[in-house]
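Structural characterization, general
Next come the chains, spelled out residue by residue.
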Amino acid sequence: MQVYRDWRGLAPAARGASVALGNFDGVHLGHAHVVRAAHGARPDSPLAVLTFEPHPREIFRPEDPPFRLTLSQEREAALASLGVQVLYELTFDEAFSLMSAEAFISHVLHEGLGAHHLTCGPDFAFGHRRGGDAHFLAARAEALGIGLTVVTPLSDEAGPISSTRIRRALQDGYPERATALLGRPWAIRGEVVHGDARGKRLGFPTANIPLGRHLEPARGVYAVTALLPDGRARRGVANIGRRPTVAHDLVSRLEVNLFDYDGDLYGAELCVSLHAFLRAERRFAGLDELRAQIAADAAEARHLLDLAVPRSA
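Bear in mind that the values here come from a model prediction, so they are computed numbers and not experimental data.

Focus on the packing of helix H5 (residues 101-112) against helix H6 (residues 134-144)
Here H5 crosses H6 at 45°, and the two axes come no closer than 11 Å. The orientation of H5 relative to H6 falls into the category oblique. Of the two elements, H5 crosses H6, and the hand of that crossing is right-handed. Residues Ala 101, Glu 102, Ile 105, Ser 106, Leu 109 and His 110 of H5 lie in contact with H6, whose contacting residues are Phe 136, Leu 137, Arg 140 and Leu 144. Split into classes, the residues belonging to the contact of H5 with H6 amount to 6 nonpolar, 2 polar and 2 charged.

Have a look at this one:
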């Protein structure tokens, strides 16, 4: 997949695509539905996605707590798995936010990308102060000779599939619900940093990963798998939280104990997928009680992963 971060000066090979439009946070089943519609409308054209980085909400509401389901690299990987050939990941900043809806269509989509066809959901909004919507896009695209498909939202028995529903499921401690809506387990991708080695002293060494701009799911213990930099997948148990028994951290972190693994992961990037929520975070009376609970958590995680995840992981 080719990635472009500007719409200006694109080579001929990067133009003339069928383009799905949106933020694509999470790249869930509803997003996949929009992407497939772009391919179905013009299978003779390259399949592309246009999205923004950072997410506009991070610019307009910087005081909000982190909410992202997928950061840039994870989103790229998810879109590539859908067959997307071209990703226009346009830089969203204050200057871009001032672009009118008319200019976005004329300058970016038409002149810059030379889009053959566009797809979006019915709630897609764009341009300064969200001045453009699907109806405005339809009228201007037709005038410019660009095809447009406004895709009916994909729904299940609970309603339309959305990033908001997935965030709520994760914050409520139901990663399996998020998996059903995403089509894959939700994952946190990040660099392993040095911790205080308490896990190692307790007999359960952990890889520590800051949550950064990721959404913070329910604090507690999870059965997980981790994709290592060499492409191997390992099973494990993880804690997300502030470690009330030993540290009282001010910021939550992800701590992963990989089963039967003793390699050095400092500085490596891991992609950790959450499969099941085992228990909420709580304070223990002492380190012996904590050590016993970690052992019980690890045993439960092994059992659940044996049931849910193929042995290749």
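Having seen it, we continue.
A look at the pattern of salt bridges
It is possible for side chains of opposite charge to pair when their charged atoms get near one another. Considering all chains together, one arrives at 24 salt bridges under this definition. One salt bridge in this structure joins Glu 89 and Arg 5, with 3.2 Å as the shortest N-O distance. Taken together, the positions of Glu 89 in strand S4 (residues 86-91) and Arg 5 in the loop between strand S1 (2-4) and strand S2 (18-21) put the pair 84 residues apart, joining distant regions of the chain. Among the residues examined, Glu 89 registers a relative accessible area of 2% and is labelled buried. Linking Glu 89 and Arg 75 is a salt bridge whose minimum nitrogen-to-oxygen distance equals 3.1 Å. Here Glu 89 is found in strand S4, whereas its partner Arg 75 is found in helix H3 (residues 72-81), with 14 residues between them in sequence. Here Glu 89 and Arg 75 have matching classes, each one buried. Ionic contacts of the salt-bridge type, sharing partners, join the residues Arg 5, Asp 25, Glu 53, Glu 58, Arg 68, Arg 75, Glu 76, Glu 89, Arg 167 and Arg 213 into one network.

The rules behind these values
Residues numbered from 1 in each chain as written. Predicted model: local features only at pLDDT ≥ 70, side-chain atom pairs only at ≥ 80, totals over all residues. Heavy atoms only, no water. Axes fitted to C-alpha atoms, helices over the stretch in contact; angles between N-to-C directions. Helix = DSSP H or I, 4+ residues; strand = E, 2+ residues; numbered from the N terminus. Parallel < 35°, antiparallel > 145°, perpendicular 65-115°, else oblique. Left-handed = near helix turned anticlockwise from the far one by under 90°. Contact = heavy atoms within 4.5 Å. Nonpolar A, V, L, I, M, F, W, Y, C, P; charged D, E, K, R; others polar. Salt bridge = Lys/Arg side-chain N within 4 Å of Asp/Glu carboxyl O. Buried < 20%, exposed > 50% of the residue type's maximum accessible area, 1.4 Å probe, protein only.

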